[in-house]
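Chains, contacts and geometry: an overview
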Amino acid sequence: MSVTRHYEREFVRTFFTSPTAVDGEDDSAKMLRSAGQLRGLQAPDVWVPDNEDATAPNMRDEGVQNIIEVVAEQGAEFPGEIHPRVVWHRESPATRYQGFQQMLEIADPDNGAVEHIDGFVIPEVGDIDDWKKADEFFTIIEHEHGLEEGSLSMSVIVESGEAELAMGDLREEMGKPSNNLERMFLLVDGEVDYTKDMRAMTPTGELPPWPELRHNTSRGASAAGLIAVDGPYDDIRDVEGYRERMKENRAKGMTGIWSLTPGQVVEANTAPLPPKTGSWLLEAGGREVELEEQDGKQVYDGDDLSLEEVSDGSYVLQAGGDRLELDKDELTEELLDRTAYIPSMNDIVDSMEEFEAAKEAGKGAIAMTQAATLVIDGVEVDISKDRMWDEATYQAAQTPITLFQDVYEHRPDQHEELAEMYGADIVERATAVGN
Amino acid sequence: MSVTRHYEREFVRTFFTSPTAVDGEDDSAKMLRSAGQLRGLQAPDVWVPDNEDATAPNMRDEGVQNIIEVVAEQGAEFPGEIHPRVVWHRESPATRYQGFQQMLEIADPDNGAVEHIDGFVIPEVGDIDDWKKADEFFTIIEHEHGLEEGSLSMSVIVESGEAELAMGDLREEMGKPSNNLERMFLLVDGEVDYTKDMRAMTPTGELPPWPELRHNTSRGASAAGLIAVDGPYDDIRDVEGYRERMKENRAKGMTGIWSLTPGQVVEANTAPLPPKTGSWLLEAGGREVELEEQDGKQVYDGDDLSLEEVSDGSYVLQAGGDRLELDKDELTEELLDRTAYIPSMNDIVDSMEEFEAAKEAGKGAIAMTQAATLVIDGVEVDISKDRMWDEATYQAAQTPITLFQDVYEHRPDQHEELAEMYGADIVERATAVGN
Amino acid sequence: MSVTRHYEREFVRTFFTSPTAVDGEDDSAKMLRSAGQLRGLQAPDVWVPDNEDATAPNMRDEGVQNIIEVVAEQGAEFPGEIHPRVVWHRESPATRYQGFQQMLEIADPDNGAVEHIDGFVIPEVGDIDDWKKADEFFTIIEHEHGLEEGSLSMSVIVESGEAELAMGDLREEMGKPSNNLERMFLLVDGEVDYTKDMRAMTPTGELPPWPELRHNTSRGASAAGLIAVDGPYDDIRDVEGYRERMKENRAKGMTGIWSLTPGQVVEANTAPLPPKTGSWLLEAGGREVELEEQDGKQVYDGDDLSLEEVSDGSYVLQAGGDRLELDKDELTEELLDRTAYIPSMNDIVDSMEEFEAAKEAGKGAIAMTQAATLVIDGVEVDISKDRMWDEATYQAAQTPITLFQDVYEHRPDQHEELAEMYGADIVERATAVGN
């Protein structure tokens, strides 16, 4: 009856593609080989030997052989899942047939790779009937090679309007007896080709933000028990921009993102985990500024907000064009409205444990308090924020913890780095809470 | 042929929930009893005795009895509609069966409450087939208790991706002979559980804004002749934020909102009504600032815009980083671009009456003018804004008036407060115009 | 198999409506007659003699006759397509039957207009079954008048929630044997009536932005091989606002827009074409400011950013509330992050030619560089931006060029103005590249 996830891992943070065959190298599989040796935070949750766009068309036959060779050799030790991408196009039967042949070859047990292959990624899908064509090839391949039906998972790249619409039909279609769409795993946005398909243009050529596409992908994943992954972030230098994008995505329920380099993998493996230390945000100049902690106090040292105690208990707060004369209580109130707290991993575990104890004692809701001393232009103000926790808040707060636990369970190769990041004690409590 | 609304009231401003049974009180129905006595602007359009999340699981049997007792006693006098919320979950047959039993008991005519019950609210619905399961229970209950088929209306809380998708199917499904989905009334967003279901995360734990969900709810309501209601706004202290949220919602066609306290009910009953007095907005510092009226002039006293007459008929306007040298006409033009007028109830009624007279006289379009004297840094500038009104503008402007008339018709208990707010004369003209 | 566009023109920039009969004029067809004489950039891609909202109800019979007369006379010479709008309403059989009669009369070959009529525009459509009713009337008219089945194209105005949902079904419905929906051409948003239908309200009465509607229209067009067109922009004076709206629309893949005046037609015919000269954008004060070129350098002269060389190779950059102390490399990096380049038509053609040559030579990706000298407060900084071009970038960049080529092919009356705008040489290269 429920939305069952047909795969072990509940979250995928990272989707890392590698060219399968690079021309002009001594060893055309060099990039594959080095990717297959990544471990820990540098290793993705899902590794995608990419026999489509990342590999030149005339190298793709060699790419298939490279995938087989490298996965057969290194696959047993690789800490993430392995999902090669083959060619496909909703408008080309020839391309679809090539995709089928690539999968048939890679999945041949005689080649020794398939036991380490978790599934395949199908790009450029169209409407739901096109997804079924791919699914049918998976089924044929499984039968042909004596693999269990449904054992190869299927992920798609959403890069057309019709594929976006198909995500709304998926839940209903997945149950039908004439397909095996229960093998579906990832819904991955591909914004470069999507932009082309939608014939969208921006003055500078940068990609449009496509918020509705990302919402619909996340919703489609939620409704069908799948995992939503955002497309590549091209500007590899721009770490801040990549983080900002991931933050936006998580607010949409899209936890995963494409990574183009091991550096991006580290960022994307880390970003969805709660921070080691909490921090305070202050709204100033139309932005939320993270305050700096000095001697246990939260200091604002920008110019967009200024505060002065003009006489005893009487304050002037200047913010942009506004000048506010406030007494102590009004000032506290105003600053409360302007602040927010980002809880640390420790805070979240504390709150959850506290709520669990309260529930045990028969209470349905408790107030959690965060207090701080703000310092603006040398003036100190104490604030204290209450938040009611009930069952629903508890469960919503649990998402990052569930993610952490999922990571901890499936990625033992990251245990050491996680312990370094948080301390062994917090890691232990975080893996225990809520179970 | 048309989208027929299967209920008397065309708008619902307020959806107010009360716990049905609170442990540790002398009278566990105390909160229900006091909510049932609300009148006027403090009383919601829809009152929801909440036997789900607001009530502890072990108190819900008592909650059913409390609903029956309080509604039987107070229901006849309550000025809004009454729609208890029962338990339900798309993934739990046990919970669904409990929900059925709760409704069966509450709707039993022998218990004396059902004649004041307008319908039930079903939370945690899934795809459209799940909605049909709830609808079928309504039908069975109606037959079992000798009630007219379809007489109990059904509202749902949308708090999953599949329920969001179901809203796109509703119009088509409602006509089918094997269900009674014509009983549908409210589509209510439940963002806390929706956020959990979508596995979304924000750094501070605050809810994502979910603009697409709200659009889809409003569109689903429009397509199926229902009413869209936004979820709870948790920060009860933050009246400004609640108003801002409602303003955003109305721009999406979502007029109703959840209210958690009688104070929020007053805000939400009032917010969608046109203001008593008109006001001018000026764009300054990237925001729209409401000007202050002084002696019939509109005065800006912020620091984000400065204006100086440097010589006769020659002006310098400074806005953010830009310095504009303008003659009188250019200045007027620039300020016209930066201003907007919020019409009062009186303005809207005037314009509609004027347009009706013009139409009577055979004219299809007329120009409406709003004039004002702006004062910036002591410099006075006269501006005058024209807007063409044709049939389409007229009909669009009518929405707040239709809402007002709907409120006036169905909420006699608010007549006195409305007359105080606007004056009896304007109330009378507003109830008459456009009919 | 593919999404085939069932019409010659691939893009429609402009959708220009004219009243068909104006009361009180000597010649009620005066506005039609003058619109039919527009040429060059003043002439729209699609001209819509509007026998619905732009024409008073009691003038619509005369409007039908005027359409016939003017199109018979001027249609052969008109450079764009001609698609009259007739009356229709999803909730009124009487209005639908009137719409049928209007089309039947206009399309009668004896009246001499139909050979210049490309199709009809149907307003106020409802769900997909309502679209089929209109389509069936087209089919009957074609048979009745001996026209080829499917030869009259059908465009709709999306101004209801159910029509918005219908766009998601269109691709699937278009293939069915019992309709001729392959005749579909334009999906046009009608935000005024949509706002009414959604019962949305804004304080000032201005239209909500409806980003989700525009996305869904663009996606529906993409999935069904149609063209998306945005609704009217009422504030005719506000050219800047109209341009801003079109820029937003293009980022959504919606290239076309309604035009209410020949002036708006010129703007909307021009806006989607690449600029004659490239330009640099600098992020300052939360906005992107276009820099002014002076002696080949890019000069910023606003106040939101200030730069000083405090000692040799050591700089202070002040931006809003932030003060950054930077060495030369950090400064270059920071400015790189804050700048973007808008390529000219020439730049795009250059890059495409360069990539084509590289591909010919067996390279899959090349780096394109844009360099500039920025001047801020007299301090000069050289920056240089690289962008990797692969097949996908190439194809995405091609959209404006494909648009240009489409315009060039179908609008010979604009050749002269395009040559004036870009120079004959660039026009020639732009029409040749990528084929």
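The model shown is predicted, which means the values in this text are computed figures rather than measured ones.

A closer look at the relation of the copies chain A and chain B
Expressed as a screw operation, the relation of chain A to chain B combines 0.0 Å of axial shift with a rotation of 120 degrees, fitting to an RMSD of 0.1 Å. As the rotation angle and translation indicate, the two copies are arranged about a three-fold axis. Across chain A, the smallest distance between a C-alpha and the rotation axis is recorded for E212 of chain A, namely 4.0 Å. Of all interface residues in chain A, a mere 2% are interface residues in chain B too; the two copies therefore contact each other through different surfaces.

A few points about the interface of chain B and chain C
Contacts between the two partners involve 44 residues from chain B and, on the opposite side, 32 residues from chain C. With both chains or domains summed, chain B and chain C bury close to 3,100 Å², and 52% of this area falls on carbon and sulfur atoms. For the interface between chain B and chain C, the tally reads seven salt bridges. Of the charged contacts in the structure, one is a salt bridge between D127 of chain C and R171 of chain B, with a shortest N-O distance of 2.9 Å. Scanning the region where chain B abuts chain C turns up eleven residue pairs in polar contact (both at pLDDT 80 or more). Of the residues assigned to the side of chain B that touches chain C, the class counts are 19 nonpolar, 13 polar and twelve charged.

Considering the domain arrangement of chain A
As far as domains go, chain A holds domain 1 (14-270) and domain 2 (279-393). Here the C-alpha centre of domain 2 of chain A lies 43 Å away from the C-alpha centre of domain 1 of chain A.

Topic: the sheet that holds strand 5 (residues 153-158) of chain A
Residue and element names in this part refer to chain A. Read from one edge to the other, the open sheet built from eight strands follows the order 3-2-1-8-7-6-5-4, with strand pairing classed as parallel. One side of each edge strand has no neighbouring strand; the edge strands of this open sheet are strand 3 (81-82) and strand 4 (119-122). The pairing of strand 2 (residues 46-50) with strand 3 spans two bridges and is classified as parallel. Following the sheet pairing, V46 is matched in strand 3 by E81. Along the sheet, helix 4 (residues 128-144) makes contact with strand 4, strand 5 and strand 6 (184-189), crossing strand 5 at roughly 150 degrees. Packing against the sheet, helix 8 (residues 211-224) makes contact with strand 5, strand 6 and strand 7 (227-230), and its axis sits at approximately 175 degrees to strand 6.

What about the sheet that holds strand 9 (residues 279-284) of chain C?
Strand pairs in the sheet, formed through backbone hydrogen bonds, run parallel or antiparallel to each other. All names here are of chain C. Across the sheet, which stays open at both edges, the three strands sit in the order 10-9-16 with antiparallel pairing between neighbours. Of all the strands in the sheet, the pair left with one neighbour each is strand 10 (287-290) and strand 16 (339-342). Adjacent strand axes in the sheet meet at a mean angle of 30 degrees, parallel and antiparallel pairs treated alike. Both strand 9 and strand 10 contribute to a ladder of four bridges, which runs antiparallel. Considered in strand 10, the bridge of L281 is made with E290. Sitting on the sheet, helix 11 (residues 328-338) is in contact with strand 9 and strand 16, with an inclination near 50 degrees to strand 16.

Observations concerning the packing of helix 12 (residues 345-360) of chain A against helix 13 (residues 391-410) of chain A
Helix packing geometry: the angle between the two helix axes and the distance between the axes. Residue and element names in this part refer to chain A. For the pair helix 12 and helix 13, interaxial distance at closest approach is 10 Å and the crossing angle is 135 degrees. The orientation of helix 12 with respect to helix 13, classified from their angle, is oblique. Crossing hand, helix 12 versus helix 13: left-handed. Of the residues in helix 13, those in contact with M345, I348, V349, M352, F355, E356 and K359 of helix 12 are E391, Y394, A397, Q398, P400, I401 and F404. Per-class residue counts for the contact of helix 12 with helix 13 are ten nonpolar, one polar and three charged.

As for a negative patch on the surface
Taken together, D169 and E172 of chain A, D169 and E172 of chain B together with D169 and E172 of chain C make up a surface patch of like negative charges. Tracing the backbone shows D169 of chain C in the loop between helix 5 (161-166) and helix 6 (170-174).

Conventions used here
Residues numbered from 1 in each chain as written. Chains lettered and ligands numbered in written order. Predicted model: local features only at pLDDT ≥ 70, side-chain atom pairs only at ≥ 80, totals over all residues. Heavy atoms only, no water. Least-squares fit on C-alpha atoms with pLDDT ≥ 70 in both. Contact = heavy atoms within 4.5 Å. Buried area = accessible area lost by both parts, 1.4 Å probe. Salt bridge = Lys/Arg side-chain N within 4 Å of Asp/Glu carboxyl O. Polar contact = N/O pair within 3.5 Å; in protein donor to acceptor, adjacent residues only side chain to side chain. Nonpolar A, V, L, I, M, F, W, Y, C, P; charged D, E, K, R; others polar. Domains from an automatic or database assignment. Pairing = 2+ DSSP bridges. Helix = DSSP H or I, 4+ residues; strand = E, 2+ residues; numbered from the N terminus. Axes fitted to C-alpha atoms, helices over the stretch in contact; angles between N-to-C directions. Parallel < 35°, antiparallel > 145°, perpendicular 65-115°, else oblique. Left-handed = near helix turned anticlockwise from the far one by under 90°. Patch = residues over 30% accessible without salt bridge, like charges linked within 9 Å, V, L, I, M, F, W, Y side chains within 5 Å. Areas by Shrake-Rupley, 256 points an atom, 1.4 Å probe, with all protein chains shown as cover. Lys, Arg positive; Asp, Glu negative; His and termini not counted. Charge placed at Lys NZ, Arg CZ, Asp CG, Glu CD.

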